[in-house]
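# Observations on the model geometry
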Amino acid sequence: MAKPVTKYICQNCGYSSLRWLGKCPECDSWSSFVEEIVYSDKRKLSSNTHNIVESKITNLSKVSDIDITEDKRVVIGMEELDRVLGGGIVPGSVVLVGGDPGIGKSTLMMQLSDKIKDHTILYVSGEESQKQIKLRCERLGFEHDEFYILSETSLEIIAAIVDKLKPEIVIIDSIQTIYRNELESSPGSVSQLRESTAAIIQIAKAKNISFFLIGHITKEGVIAGPKVLEHMVDTVLQFEGERTHAYRVLRAIKNRFGSTNEIGIFEMTGTGLIEVKNPSEVFLAQRSRGISGSSVSASIEGSRPILIEVQALVSSSGYSVPQRTATGFDYKRLAILIAVLEKKIGIHLSKFDVFVNIAGGIKIDEPSIDLAAAMSICSSFKDSPLDADMLILGEVGLSGETRGISFADRRIQEAIKLGFKKIVLPKNNLKNIKKSNDLEYIPVENIQDAIRLIL
Ligand code: TYD
Ligand code: MG
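So, here's what we can say about the structure. This structure is a prediction, so every number in the text was calculated from the model and none was measured.

### Quick look at the overall build of the protein chain
Along the protein chain, the regular secondary structure elements total 13 helices and 21 strands. Along the three orthogonal principal directions, the C-alpha set of the protein chain runs to about 80 × 50 × 50 Å. Classification of the 455 residues of the protein chain by burial places 51% in the buried group. Here the contacts in the protein chain between residues at least 6 apart in sequence split such that 66% fall between residues at least 24 apart. Approximately 22400 Å² of the protein chain is accessible, and the part contributed by carbon and sulfur atoms is 51%.

### Here's the deal with the site of ligand 1
Near ligand 1, the surroundings consist of 16 residues, among which Ser-106, Thr-107, Arg-136, Thr-269 and Gly-272 are the closest. In this structure, Arg-136 approaches ligand 1 through a side-chain N or O atom, which is 2.7 Å from an oxygen atom. Here ligand 1 loses 75% of its free accessible area of 550 Å² to cover by the protein chains. Secondary-structure elements contributing two or more residues to the shell around ligand 1 are helix 3 (105-115), helix 4 (130-140) and strand 11 (263-269). The residue makeup of the shell around ligand 1, split by class, is four nonpolar, eight polar and four charged.

### A short note on a nonpolar patch on the surface
A cluster of nonpolar side chains, namely Val-53, Ile-57 and Leu-60, defines an oily patch on the protein surface of about 310 Å² accessible area. By the element assignment, Leu-60 lies in the loop between helix 1 (49-59) and helix 2 (79-85).

### Quick word on the packing of aromatic side chains
In total, this model carries six aromatic pairs according to the counting rule given. Judged by centre distance (6.4 Å) and plane angle (90 degrees), the ring pair of Tyr-15 and Phe-33 falls under edge-to-face. Residue Tyr-15 is located in the loop between strand 1 (4-10) and strand 2 (16-17), and its partner Phe-33 is located in strand 3 (residues 33-39); the two are separated by 18 residues in the primary sequence. Judged by relative accessible area, which is 30%, Tyr-15 ranks as partly exposed.

### Quick notes on helix 4
Within the sequence span of helix 4, burial applies to Ile-133, Arg-136, Cys-137 and Leu-140. In an axial view of helix 4, the angular spread of the buried residues amounts to 105 degrees, which keeps them on one side of the axis. More than 90 degrees from the buried face of helix 4, the exposed residues found are Lys-131, Leu-135, Glu-138 and Arg-139. Where the residues of helix 4 are buried, they touch helix 3, strand 5 (121-125), strand 6 (147-151) and strand 12 (272-275). One or two residues past the end of helix 4 sits Gly-141, with phi positive at roughly 65 degrees.

### Things to note about the sheet that holds strand 7 (residues 169-173)
Sheet strands line up and pair through hydrogen bonds in the backbone, either parallel or antiparallel. Pairing is mixed across the open sheet formed by nine strands, whose spatial order is 6-5-7-8-4-9-10-11-12. Each end of this open sheet is capped by a strand with a single partner; those strands are strand 6 and strand 12. Each strand of the sheet is rotated relative to its neighbour by a mean of 25 degrees, with strand direction disregarded. Contacts from helix 4 reach strand 5, strand 6 and strand 12 within the one sheet, and its direction differs from that of strand 6 by about 145 degrees.

### A word on the nonpolar core
Of all hydrophobic cores here, the largest spans 43 residues; its most connected members are Ile-308, Leu-371, Met-375, Ile-377 and Ile-392. Counting residues per element, this core draws most heavily on helix 10 (residues 370-382), which supplies seven residues. Shared between two domains, this core takes at least three residues from each, and those domains are domain 2 (73-277) and domain 3 (281-454). Not counting chain neighbours up to four residues away, the residues in contact with Ile-308 comprise Phe-283, Leu-284, Ser-295, Val-296, Ser-297, Ile-358, Ile-362, Ile-364 and Ile-369. Ranked by size, the runner-up nonpolar core spans 32 residues in total, among them Leu-85, Met-109, Ile-133 and Leu-237.

So, how was this worked out
- Residues numbered from 1 in each chain as written.
- Chains lettered and ligands numbered in written order.
- Predicted model: local features only at pLDDT ≥ 70, side-chain atom pairs only at ≥ 80, totals over all residues.
- Heavy atoms only, no water.
- Helix = DSSP H or I, 4+ residues; strand = E, 2+ residues; numbered from the N terminus.
- Buried < 20%, exposed > 50% of the residue type's maximum accessible area, 1.4 Å probe, protein only.
- Contact = heavy atoms within 4.5 Å.
- Areas by Shrake-Rupley, 256 points an atom, 1.4 Å probe, with all protein chains shown as cover.
- Near = heavy atom within 4 Å.
- Polar contact = N/O pair within 3.5 Å; in protein donor to acceptor, adjacent residues only side chain to side chain.
- Nonpolar A, V, L, I, M, F, W, Y, C, P; charged D, E, K, R; others polar.
- Patch = residues over 30% accessible without salt bridge, like charges linked within 9 Å, V, L, I, M, F, W, Y side chains within 5 Å.
- Salt bridge = Lys/Arg side-chain N within 4 Å of Asp/Glu carboxyl O.
- Phe/Tyr/Trp six-rings, centres within 6.5 Å; stacked < 30°, edge-to-face > 60°.
- Arc of directions from axis to C-beta.
- Pairing = 2+ DSSP bridges.
- Axes fitted to C-alpha atoms, helices over the stretch in contact; angles between N-to-C directions.
- Core = buried A, V, L, I, M, F, W, Y, C linked by side-chain atoms within 4.5 Å.
- Domains from an automatic or database assignment.

If you want it as structure tokens, here you go:
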């Protein structure tokens, strides 16, 4: 039996130390060390190592001999979810689903189960009672004959039940509540998370069962502590959104079986999540035309172009240090855009608060919406509205130049579908796109050009 040792483990990144530390030398987080009892597991090379090596050598496979025909994926039938998973659930895969509490992770998993009625599913809940789960099922109109609910947190018991029931899919809600008896640290600690997940991965691979592990996110936005889990599992999905908005975005952060750029969009309603298949229309639906501080740009999320409204508000500041707030837009990019506007256009924003918001509660990381954000800021500053039928594309560099963007054609096609008439785009992009006679193109070389031509 291995000897128990007390160690201090950083709950953020899993770094371990023999004494308590105020700041983690690995990930720089403060007060993240918690005392945990771990069992040192130094296996001695046994006398039969020699035999094991011999047998492994005779069984070594050549790359050319390995069978790579993938087991058939389970297609869920929810397009938004299937796409993010890379085309359905891969048998034997382990998927971590992270998100803020209350965002809809349990609901999503329940709806997934409802869609695949011909598969045996075990739903392990460490957070809610069977009654609560049944209530949610009723709310969602859930019907599934081979859906089993287990209220349990001990991994040993769960493993034994999985062994008996032989489900095809197991959902663990949440991984933070699961513990292994051999470890003395409490559920949710890094050692418990790591060990439980390692054991689950073994079961998944040995028995070809797919697991979905639900994980809560900490304030910092990492999947609680389990940054350590991200490299262990096959796929990491993040469910995000503003709780005050109905829209939710499911994003693949890591995917061994598909692209990581894909997103799925859902709307939370009184009877569960519904898929949003026409996000551009939805995000632009509440736009008012003819007001200052609003422009439309296009972002590419995975394989899909999505049109979004970039709103800005510039108002005189009551503070000595003006406020800068970015919602759904990168804060650092906002600071850069303001600096470029001050330097190149000569508008002085130091006495003004600047707020930038992507309507609908979606978060966009792409720099191709820079020019639209800059134009919205200028439009609000001058209180002069931009043409509502205009799409603005382009990244803005530090000297105010507009840089070419990728997939311009796909973005423009989406704008045509929604009836846009004018396209503002970097000069570099103009020669490479398919032109349409119904559109007016306004090529710009820098931010000064853009202001002169459209504001
Ligand atoms: P839930 O799936 O429990 O979130 P999580 O598992 O991520 O903590 O869903 C939480 C919220 O969703 C809760 O505040 C209620 C709301 N909700 C709806 O609006 N409609 C529904 O049909 C359901 C089931 C939940
Ligand atoms: Mg839940």
